[in-house]
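Below, each chain spelled out in residue letters.
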Amino acid sequence: MWSVGLGFLLFCVVTGAERQNHSRLDDSAGFSIDEVAVLNRKFLDYLVQLDAAQAESDEDRRCVDAMQLLSRAYINRERNGLEWFDSWGKIPSGLYYGNGFAIGNYEQCQRFSYGQVNSYHCTLSAAMPNSQLPIVAFGLCLPELCSPEFSLKLYGGHLLEQGVALLPVLNFCSRDAGVEFNGALITAIVIFSIIAGLVVASTVYEVVQILLKNPITVQYASFSLYRNIRSILHVIPRQKDPAKKMDTIECANGIRALSMIWIIVHHVHETSVSYPVSNPQTRLDYLFSFVSSATANSGSLAVDAFLAMGGMLVSITMIRELDKAGKINPLMLYLRRYIRLTAPYAALILFVVSFPMYMGDGPLWKSTMTSLQRGCLENWWSALLHIQNYVNPRNMCLNWTWYLSVDMQLYILAPALIYPLWRWGKRVLIGIGGLAFLSIACVFTTFLVNDFRDVQNAVPLREQVLTYYPTHARMAAWFLGVIFGYILHRTRSADSNLPKRYYALGWSICFGILALIIYGGHEVFLMEYSESAKVADAFYVSLSRPVFGVCVCWIIWACVNGQGGVIDGILGSELWQPLAKLSFTMYLLHLQLLLMASIANSKTEQNFSVMDLYYRIWGAIGLTTSVSLLWSAVFEVPFVTLEKVLLRK
């Protein structure tokens, strides 16, 4: 689901592809610790002996002169030379345990200067001639006079003499180019300034009106932080009348909130392979464990919970409107939906292409933000039209937002399904069920025809493009939700309560299916590519998503009919209501915030531990919730308020 072109992600995949016990490798290997330890030190000797006349340009000659000046300072044990080389990456501890990170001291390098020579940090990756050793990412401190391209050429030439291969695809340089006031940045400054002015004016207006006890005009207070945050945090007491529980569907708040939290847990685990650690084997052992699989790998199913509930709510809402007015206005429905989805989404896209590049620093910062920015600069239009899951699936703008395209496309399809369902009833259910079956069959067939696999290290981008992002591959859960919404609406006024033994059977089947999906996903993931049957992957991927959606529908059915017990008490709690309201903006923002706060700002290798991972999870949940509250109050609720006031007049 997530890929932003991080070089270190590829590095970790390469490192972890052979799940060896590095601690048992033979120390007698030809190219080992001693040779790796002196690679960078020998580079200084290589630089001193380099003939500056070989440089092709004046800039490159000045670079060689600066490098030789600093190298001689180190060889002569001068303080500046020692400090300069001290910031370089040295041989990492645990090289035979898979730790290939030797990034050095990033901040020391960035602050180093010697006379007129300032410096910047580069991470250059090399493959050792001994295949038992991991790829090593060395941190080098280079003079600002040196271009990354020329530095890469120099270091590559040195490594070539040592029999080491430089990897051109895994190199990152953090060169301070200053703020570039391009069109995107200027547009963002203007638009965000206007919105900030509206927020301040609207908030002041409401506060003054409250103090003066004057009536408040909704349009003027639509951007008020006081009003919008209060609206988001406001909770409605639980319904005690069983007849009204069907109308409110309180347990949906808990399902929506917990699904969003599950998605965050999933992405924290998924992105944990993207930051450098000194014990990658320990990380691999955990990520391949059942605990990780149950809590994280299966987290992608939370999207199917959203799809099933989305289909249910669309079905109920439209059928109620048809019962009331006998007709619906599709164009008005589409306009309202587009405004609600696109206003906070457009603000995020504008933010991504303008500010993040200047909001942090580190070896991974520029590459991460550039990757995110590039997709949005090139394909913002397909994102705002909600068609990027078909138009630009390989280079989407914020590719985790593929779900918005699916949601909008299915919403456009909804009137064509729900009006006949309202008009002709049960006969249309068969057709909708048939469409769900076709979606399942499409995914199953695509897996078999293309020999796709869902086992470890065997999920190509093409599989995601054909079976993960497209609406036709994900709509089965949504169709089943539409069917469930119709049934729920038609039975709300009738005595639909089943005997308790049927509910007990239903809960047993539901828990059994959920356990099977989670355990089955773990087993499929652990299968060896060459030894597993591809039909197992096809069956699991095509069936697990819609079946999970059916389980979500069953939980809602039991809860609204008073048979949810403790589960209904938990899912229907008022505490979930604010998180449920924020779930959309949390989905939009969570991965951007996670990348900025936990991945891109990494400046050195860290020690992986499960406790640290869960600490990151709680941090991601807290940060996402806090920022989403402000984002929703500024970019979501105001436009929803204006849409209600202006369009519905």
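Residues numbered from 1 in each chain as written. Predicted model: local features only at pLDDT ≥ 70, side-chain atom pairs only at ≥ 80, totals over all residues. Heavy atoms only, no water.

A. Summary view of the pattern of salt bridges. Going through the model one piece at a time under the given rule, you end up with 12 salt bridges. We note a salt bridge from aspartate 58 to arginine 61, for which the minimum N-O separation is 2.3 Å. Of this pair, aspartate 58 and arginine 61 both sit in helix α4 (residues 58–75), separated by three residues, roughly a single helical turn. Aspartate 58 sits in the partly exposed class, given a relative accessible area of 48%. (Salt bridge = Lys/Arg side-chain N within 4 Å of Asp/Glu carboxyl O. Helix = DSSP H or I, 4+ residues; strand = E, 2+ residues; numbered from the N terminus. Buried < 20%, exposed > 50% of the residue type's maximum accessible area, 1.4 Å probe, protein only.)

B. Quick look at the confidence of the model for the protein chain. Within the protein chain, residue pLDDT values average 87, and 91% of them lie at 70 or more. Considering only residues more than four positions removed or in separate chains, one finds that residues 1–29, a stretch of pLDDT under 50, has 73 contacts. (pLDDT = per-residue confidence, 0-100. Contact = heavy atoms within 4.5 Å.)

C. Highlighting the packing of aromatic side chains. Under the criterion given, the structure shown has 30 aromatic pairs. Between phenylalanine 43 and tyrosine 46, the ring centres sit 6.1 Å apart and the planes meet at 25°, which makes this aromatic pair stacked. Within this pair, phenylalanine 43 and its partner tyrosine 46 are both found in helix α3 (residues 39–48), separated by three residues, close to a single helical turn. Among the residues examined, phenylalanine 43 registers a relative accessible area of 1% and is labelled buried. Linked through ring pairs, Phe43, Tyr46, Tyr74, Trp84, Phe85, Trp88 and Tyr155 together constitute an aromatic cluster. Directly above the aromatic system of phenylalanine 85 lies the positively charged group of lysine 90, at a separation of 5.0 Å from the ring centroid. (Phe/Tyr/Trp six-rings, centres within 6.5 Å; stacked < 30°, edge-to-face > 60°. Lys NZ or Arg CZ within 6 Å of the ring centre and 35° of its normal.)

D. Focus on the pairing of strand β4 (residues 136–143). Within β4, eight of the eight residues are buried, leaving the element largely enclosed by the surrounding structure. Here β4 shows no split at all, with Val136, Phe138, Leu140 and Leu142 on one side and Ala137, Gly139, Cys141 and Pro143 on the other all buried. Examined bridge by bridge, strand β1 (residues 101–102) and β4 share two bridges and lie parallel to one another. Bridging from a neighbouring strand, alanine 102 pairs with phenylalanine 138 of β4. Where strand β3 (residues 117–127) meets β4, eight bridges bridge the pair, whose relative direction is antiparallel. Bridged to serine 125 within β4 is alanine 137. (Pairing = 2+ DSSP bridges.)

E. Quick look at the environment of glycine 311. Summarising the element assignment, glycine 311 is placed in helix α14 (residues 302–325). Judged by relative accessible area, glycine 311 falls into the buried class, the value being 0%. Sequence-wise, glycine 311 and tyrosine 96 are 215 residues apart; in three dimensions their C-alpha atoms are separated by 52 Å. Here glycine 311 is in contact with Trp478, Gly481 and Val482, once residues within four sequence places are set aside.

F. View of the state of the cysteines. Summed over the entire model, instances satisfying the criterion amount to four disulfides. In this model cysteine 63 forms its disulfide with cysteine 146; the gap between the sulfur atoms is 1.9 Å. Between cysteine 63 and cysteine 146, the S-S torsion sits near 100°, and that sign places the bridge as right-handed. Of this pair, cysteine 63 sits in helix α4 while cysteine 146 sits in the loop between β4 and α7 (148–161), and the two are 83 residues apart along the sequence. Covalent S-S linkage joins cysteine 122 and cysteine 173, the inter-sulfur distance amounting to 1.8 Å. Across the disulfide from cysteine 122 to cysteine 173, rotation about the S-S bond amounts to roughly 115°, and the bridge is consequently right-handed. One end of the pair, cysteine 122, is in strand β3; the other, cysteine 173, is in strand β5 (residues 165–174), with 51 residues separating them in the sequence. The buried category is assigned to cysteine 122, whose relative accessible area is 1%. Looking at cysteine 173, the relative accessible area reads 18%, which means it is buried. (Disulfide = S-S within 2.5 Å.)

G. Structural context of the nonpolar core. With 138 residues, the main nonpolar core has Ile249, Leu398, Trp402, Trp478, Leu488 and Ile556 as its most contacted residues. Those residues in contact with leucine 398 that lie beyond four places of it in its chain are Tyr345, Leu348, Ile349, Val352, Leu372, Cys376, Gln388 and Gln592. (Core = buried A, V, L, I, M, F, W, Y, C linked by side-chain atoms within 4.5 Å.)

H. Quick look at the packing of helix α25 (residues 576–599) against helix α26 (residues 610–647). Taken N-terminus to C-terminus, the directions of α25 and α26 make an angle of 120°; their axes are 7 Å apart at the nearest point. One way to sum up the angle between α25 and α26 is to call them oblique. Along this stretch, α25 crosses α26, giving a crossing that reads as right-handed. From α25, Leu579, Lys581, Leu582, Phe584, Thr585, Met586, Leu589, His590, Leu593, Leu594, Ala597 and Ser598 reach across to α26, where they touch Arg616, Ala620, Leu623, Thr624, Thr625, Val627, Ser628, Leu629, Trp631, Ser632 and Glu636. For the contact of α25 with α26, the residue count by class is 13 nonpolar, seven polar and three charged. (Axes fitted to C-alpha atoms, helices over the stretch in contact; angles between N-to-C directions. Parallel < 35°, antiparallel > 145°, perpendicular 65-115°, else oblique. Left-handed = near helix turned anticlockwise from the far one by under 90°. Nonpolar A, V, L, I, M, F, W, Y, C, P; charged D, E, K, R; others polar.)

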